[in-house]
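# Observations on the three-dimensional arrangement
So the chains spell out like this:
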Amino acid sequence: MLFIKRGFAIVVGSIFLSLGINVFLTPYEILDGGIIGLSLIIYYLFNLKIGLMIIVLSIPIFVLAWFKYKPYFFNSLHGLLISSLVIDLFRPLRSLLIIDPIISSVIGGIFVGIGIGLMLRFETSTGGTDLLAQFISDKTRINVGIVIFAIDAAVVCLGGIFISPNTLLLSIITILCVGITTSALTKRHT
């Protein structure tokens, strides 16, 4: 039964993630943090497929997971592959809506947060820098949340440098919305 619930969470989460990226973030060159953010930068600069870039950039992290965190490897591999495929399948939706960029960054952040939060709730994810942050935290004893924040901040700053200052501001709004939504969905009920 958990397998079916996890599979459902991966599919529905991937759809929300893909809608957030394709409908709300890419039309205004807005970034998310981590591997998704790096993949968006590559897309904005070189027009390479976002989902494919997520897979390529995740390979070193999944190699690390294979040797250090096998449960993470197995729980996240399906999420990585399915969400990356859905992101690239939903590419035609990029010109679906034209709305204010700030509203788009908020809605996009909420959609991405729902996608990530649903997957995390069922102990799966798209992989990405969360594992890298956990590994750095284990080695340095720095809080994993601080490490994730530092990685996301670095990605957004890169986008601000390589894309535009508007990208920086809108991406900060998006990351805040992603974080709040993900936290709300993964909050433990006691």
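A quick note: this is a predicted structure, and the numbers were derived from the prediction, not measured.

Calculation notes
Residue positions within a chain follow its written sequence, with the count starting from 1. Local features are withheld for residues below a pLDDT of 70 in this predicted model, meaning they are given only at 70 or higher, and side-chain atom pairs are given and counted only at 80 or more; totals for whole chains, interfaces and linings count all residues. Side-chain measures here rest on the full set of heavy atoms in the structure, leaving out hydrogens and waters. Axis lines are fitted to C-alpha atoms, over the contacting stretch for helices. Their N-to-C directions set the angle, which ranges from 0 to 180 degrees. In DSSP terms, a helix is any run of H or I states spanning at least four residues, a strand is any run of E spanning at least two, and both are numbered starting from the N terminus. Each crossing gets its handedness from the near helix: less than a right angle anticlockwise from the far helix is left-handed, clockwise is right-handed. Note on definitions: a residue-residue contact is assigned when non-hydrogen atoms from the two residues lie within 4.5 Å. Here the nonpolar group is Ala, Val, Leu, Ile, Met, Phe, Trp, Tyr, Cys and Pro; Asp, Glu, Lys and Arg are the charged ones; every other residue, Gly included, is treated as polar. Throughout, a disulfide means two cysteine sulfur atoms within 2.5 Å of one another. When the centres of two rings from Phe, Tyr and Trp lie within 6.5 Å, Trp using its six-membered ring, the rings pair. Their planes under 30 degrees apart give stacked, over 60 give edge-to-face, and anything left gives tilted. We call a residue buried when its accessible area falls under 20% of the maximum for its residue type, exposed when it is over 50%, and partly exposed in between, using a 1.4 Å probe and counting protein chains only. Working rule: Lys NZ or Arg CZ, within 6 Å of ring centre, within 35 degrees of ring normal, means a charge sits over the ring. For this analysis, a nonpolar core means a set of buried residues of the types Ala, Val, Leu, Ile, Met, Phe, Trp, Tyr and Cys, connected via side-chain atoms within 4.5 Å.

## Quick look at the packing of helix α1 (residues 2–25) against helix α2 (residues 34–46)
Orientation of α1 relative to α2, taken along the N-to-C sense of each, is 35°, at an axis distance of 13 Å. As for how α1 packs across α2, the hand of that crossing is right-handed. Every residue of α2 that contacts α1 at L17, I21 and L25 is listed here: I36, L40 and Y44. Grouping the amino acids of the contact of α1 with α2 by side-chain chemistry returns 6 nonpolar, no polar and no charged.

## Description of the state of the cysteines
Per the counting criterion, the structure on display carries 0 disulfides. Unpaired in terms of disulfides, C177 finds its nearest cysteine sulfur in C157, a separation of 18 Å.

## Digging into the packing of aromatic side chains
In the structure shown here, the tally under the stated rule is 7 aromatic pairs. Between the aromatic rings of F16 and F111, the centroid separation amounts to 5.4 Å while the plane-to-plane angle is 55°, which identifies the pairing as tilted. On the criterion of sequence distance, the pair formed by F16 in helix α1 and F111 in helix α5 (residues 101–121) is long-range, its members being 95 residues apart. Judged by relative accessible area, which is 26%, F16 ranks as partly exposed. Residue class for F111 comes out partly exposed when judged on its relative accessible area of 22%. For the ring pair W66 and F74, a centre distance of 5.8 Å and an interplane angle of 70° mean the geometry is edge-to-face. On the accessibility criterion, W66 (34% relative accessible area) is partly exposed. Put simply, the rings of F62, W66, F73 and F74 touch in pairs and so form one group of aromatic residues. In this arrangement the basic side chain of K70 is found over the ring face of W66, its NZ or CZ atom lying 4.5 Å from the centre. The ring centre of Y43 lies 4.6 Å from the NZ or CZ of R94, which sits over that ring.

## Looking at unusual backbone geometry
Not every positive phi belongs to a glycine, and E29 is a case in point at roughly 55°. Checked against the element boundaries, E29 lands in the loop between α1 and α2. Despite not being glycine, R141 shows a phi value in the positive range, around 65°. By secondary structure assignment, the location of R141 is in the loop between α6 (129–140) and α7 (144–162).

## With respect to the nonpolar core
Within the largest apolar cluster, 27 residues are counted, with the highest numbers of intra-cluster contacts made by L17, I21, L40, I50, I54 and V112. Going through the elements one at a time, α1, α2, α3 (50–68), α4 (70–89), α5 and α8 (165–186) are the ones with two or more residues in this core. In contact with I21, not counting residues within four places along its chain, are T26, I36, L40, I50, I87 and V112.

## Notes on the environment of V56
Tracing the sequence through the fold places V56 in helix α3. Judged by its relative accessible area of 41%, V56 is partly exposed. Separated by 21 residues in the primary sequence, V56 and I35 place their C-alpha atoms 9.7 Å from one another.

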